[in-house]
Amino acid sequence: MTVLARALDLTRRYNGTIALDGVSLEIAAGQVVGLLGPNGAGKSTLINVMTGLVRPDAGRVDLCGGDPRSESTRRVIGVTPQETGLPETWRVAELVDFVSAHFPDPVDRTELLDRFDLAPLADRQAGGLSGGQQRRVAVALAFAGRPRLVFLDEPTTGLDVDARRALWDGIRSFNADGGAVLLTSHYIEEVEALADRVVVMDRGRIIADGGVAEIRGRVRLKRVTLTDPVLPELVGVSSVERDADRTHLLTNDASALVRELVTAGASFTDIEIESASLEDAFLAITGDRRAT
Ligand SMILES: Nc1ncnc2c1ncn2[C@@H]1O[C@H](COP(=O)(O)OP(=O)(O)OP(=O)(O)O)[C@@H](O)[C@H]1O
């Protein structure tokens, strides 16, 4: 396993707030790592420190054998921060050429634009693009220099479903060629669709790290879904959600719940029992129902 990025015991404070509290993380070649966490967990700070944009108070980062602040190291990574601004009068093709010129072996412009479904926008000025179109361009630019590792901070926030899928395809094709990605997202289905590993942060610390199935499995929750139930008082149900005529109950013990429903004579149809989703697991691990 080739480790491309290694963060060692990173700490970063902003005045009284601790944004990173002893974070260590390794990213291996070919991995797509999804970084999840509630607002303020420290995800952007971790990306900013790992990409050399912010200095840690303590700890260190090794990126492909170098310091993230050195120019030669920065050539092997790609970054799209949470906030980006594109020069308004530049055409998309010019932007790609400008960014590509900083790298020794950039991706061919047509190939990059095709990969992210941006060819129709090539001659448009950045200032005239919609917010979502600008975001797609900003993300595509992270891949221009043929990086080994790309950091994407909420790459698809604000994008419609088609645009999001176009970006997912671009990220997947980069990964299929061996590229590694660390991405943050508030869309759990995005992490589920793209990542082979999930890292969960909360209050500046990593509180879970594993495969998608492993993170789900860490939480013994089951989702029991019923149609039109008349529910009695139930013990051991951690949440009840209604969605049209379907009611979803989260529980640690689905068998006990079903016995309870039957014993109470509750009426229901179409019962379905499944393992918790990644979102259920994430919320259970962070204990934060406000997240996502
Ligand atoms: N430049 C800054 N100045 C002051 N405080 C900051 C700064 N950047 C981050 N923080 C604080 O550090 C903590 C972590 O913030 P960070 O942006 O890393 O979280 P996040 O997980 O990316 O959140 P979100 O999901 O909302 O983007 C928060 O309490 C935030 O207010």
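Residues numbered from 1 in each chain as written. Predicted model: local features only at pLDDT ≥ 70, side-chain atom pairs only at ≥ 80, totals over all residues. Heavy atoms only, no water.

Caption draft 1: Structural detail: a negative patch on the surface. On the surface, Asp-228, Asp-243, Asp-245 and Asp-270 cluster together into a patch of negative charge. With respect to the helices and strands, Asp-228 occurs in the loop between strand 10 (222-227) and strand 11 (237-243). (Patch = residues over 30% accessible without salt bridge, like charges linked within 9 Å, V, L, I, M, F, W, Y side chains within 5 Å. Areas by Shrake-Rupley, 256 points an atom, 1.4 Å probe, with all protein chains shown as cover. Salt bridge = Lys/Arg side-chain N within 4 Å of Asp/Glu carboxyl O. Lys, Arg positive; Asp, Glu negative; His and termini not counted. Charge placed at Lys NZ, Arg CZ, Asp CG, Glu CD. Helix = DSSP H or I, 4+ residues; strand = E, 2+ residues; numbered from the N terminus.)

Caption draft 2: Just the domain arrangement of the protein chain, in detail. Taken domain by domain, the protein chain comprises domain 1 (3-212) and domain 2 (220-275). Once you take the C-alpha centre of each, domain 1 and domain 2 turn out to be 40 Å apart. (Domains from an automatic or database assignment.)

Caption draft 3: Region of interest: the side chain of Arg-115. Note on placement: Arg-115 falls in helix 4 (residues 109-115). A relative accessible area of 17% places Arg-115 in the buried class. Excluding residues within four positions of it along the chain, Arg-115 makes contact with Ala-166, Gly-170, Ser-173, Phe-174 and Asp-177. (Buried < 20%, exposed > 50% of the residue type's maximum accessible area, 1.4 Å probe, protein only. Contact = heavy atoms within 4.5 Å.)

Caption draft 4: Molecular detail of the sheet that holds strand 9 (residues 205-210). One open sheet holds the six strands; their spatial order is 5-6-7-3-8-9, and the pairing between them is mixed. Sheet topology places strand 5 (77-80) and strand 9 at the edges, where each strand pairs with a single neighbour. Taken over all neighbouring pairs, the strand axes of this sheet differ in orientation by 15° on average, direction set aside. Across five bridges, the pairing between strand 6 (residues 149-153) and strand 7 (residues 180-184) is parallel. Paired with Phe-151 across the bridge in strand 7 is Leu-182. (Pairing = 2+ DSSP bridges. Axes fitted to C-alpha atoms, helices over the stretch in contact; angles between N-to-C directions.)

Caption draft 5: Up close: unusual backbone geometry. Positioned with a positive phi, Cys-64 is a non-glycine residue whose angle comes to about 45°. Within the secondary structure layout, Cys-64 lies in the loop between strand 4 (58-63) and helix 2 (71-74). Despite not being glycine, Asp-117 shows a phi value in the positive range, around 55°. The residue Asp-117 is located in the loop between helix 4 and helix 5 (131-141) in this model. Residue Asp-117 is classed as partly exposed on the basis of its relative accessible area, which comes to 48%.

Caption draft 6: Highlighting the layout of surface pockets. Put simply, the largest pocket is a space of about 640 Å³. Counting only elements with at least two residues in the lining of the largest pocket, the list comes to helix 2, strand 5, helix 3 (92-100) and helix 5. Ranked by residue count, the leading element in the lining of the largest pocket is strand 5, at four residues. Across the lining of the largest pocket, the residue classes tally to 14 nonpolar, six polar and three charged. Its volume calculated, the second largest pocket comes out at about 150 Å³. (1 Å grid on protein atoms, 1.4 Å probe; cavity = no way out; pocket = protein on both sides within 12 Å on 5 of 7 lines; lining within 4 Å. Points joined across faces, edges and corners; volume = space filled by probe spheres on them. Nonpolar A, V, L, I, M, F, W, Y, C, P; charged D, E, K, R; others polar.)

Caption draft 7: Seen up close, the site of the ligand. What surrounds the ligand is a group of 14 residues, the closest being Asn-39, Gly-40, Lys-43, Ser-44 and Thr-45. With respect to the ligand, the backbone of Gly-40 contributes an N or O atom lying 2.8 Å from an oxygen atom. Between Lys-43 and the ligand, the recorded distance is 2.7 Å, taken from a side-chain N or O atom to an oxygen atom. A total of 640 Å² of accessible area belongs to the ligand in isolation, and the protein chains cover 63% of it. Of all elements in the fold, only strand 2 (17-28) and helix 1 (43-50) reach the threshold of two or more residues within the shell around the ligand. Examining the composition of the shell around the ligand, we find that three residues originate from one element, helix 1, more than from any other. The residue makeup of the shell around the ligand, split by class, is four nonpolar, eight polar and two charged. (Near = heavy atom within 4 Å. Polar contact = N/O pair within 3.5 Å; in protein donor to acceptor, adjacent residues only side chain to side chain.)

Caption draft 8: Seen up close, the sheet that holds strand 12 (residues 246-251). Strand order in the open sheet made by the four strands is 11-12-10-13, with antiparallel pairing throughout. The open sheet has two edge strands with one neighbour each: strand 11 and strand 13 (269-275). Each strand axis lies, on average, 20° off the axis of its neighbour in the sheet, ignoring direction. The pairing of strand 11 with strand 12 spans six bridges and is antiparallel. When the bridges of strand 12 are listed, Ser-239 appears paired with Leu-250. Where helix 9 (residues 254-263) meets the sheet, its contacts fall on strand 10, strand 11, strand 12 and strand 13, and the angle it forms with strand 10 comes to roughly 30°.

Caption draft 9: Structural detail: the side chain of His-186. In this fold, His-186 is placed in the loop between strand 7 and helix 7 (188-194). For His-186, the side chain forms a polar contact with the side chain of Glu-154, separated by 3.2 Å.

Caption draft 10: Here's a closer look at the pattern of salt bridges. Evaluation of the coordinates by the stated rule reveals 13 salt bridges. A salt bridge links Glu-192 to Arg-216, with the nearest nitrogen and oxygen atoms 2.4 Å apart. In this pair, Glu-192 is assigned in helix 7 and Arg-216 in helix 8 (residues 212-218), connecting sequence segments 24 residues apart. Glu-192 sits in the partly exposed class, given a relative accessible area of 29%. When its relative accessible area of 28% is taken as the criterion, Arg-216 is described as partly exposed. Each of Glu-111, Arg-115 and Asp-177 takes part in one network of salt bridges that share partners.

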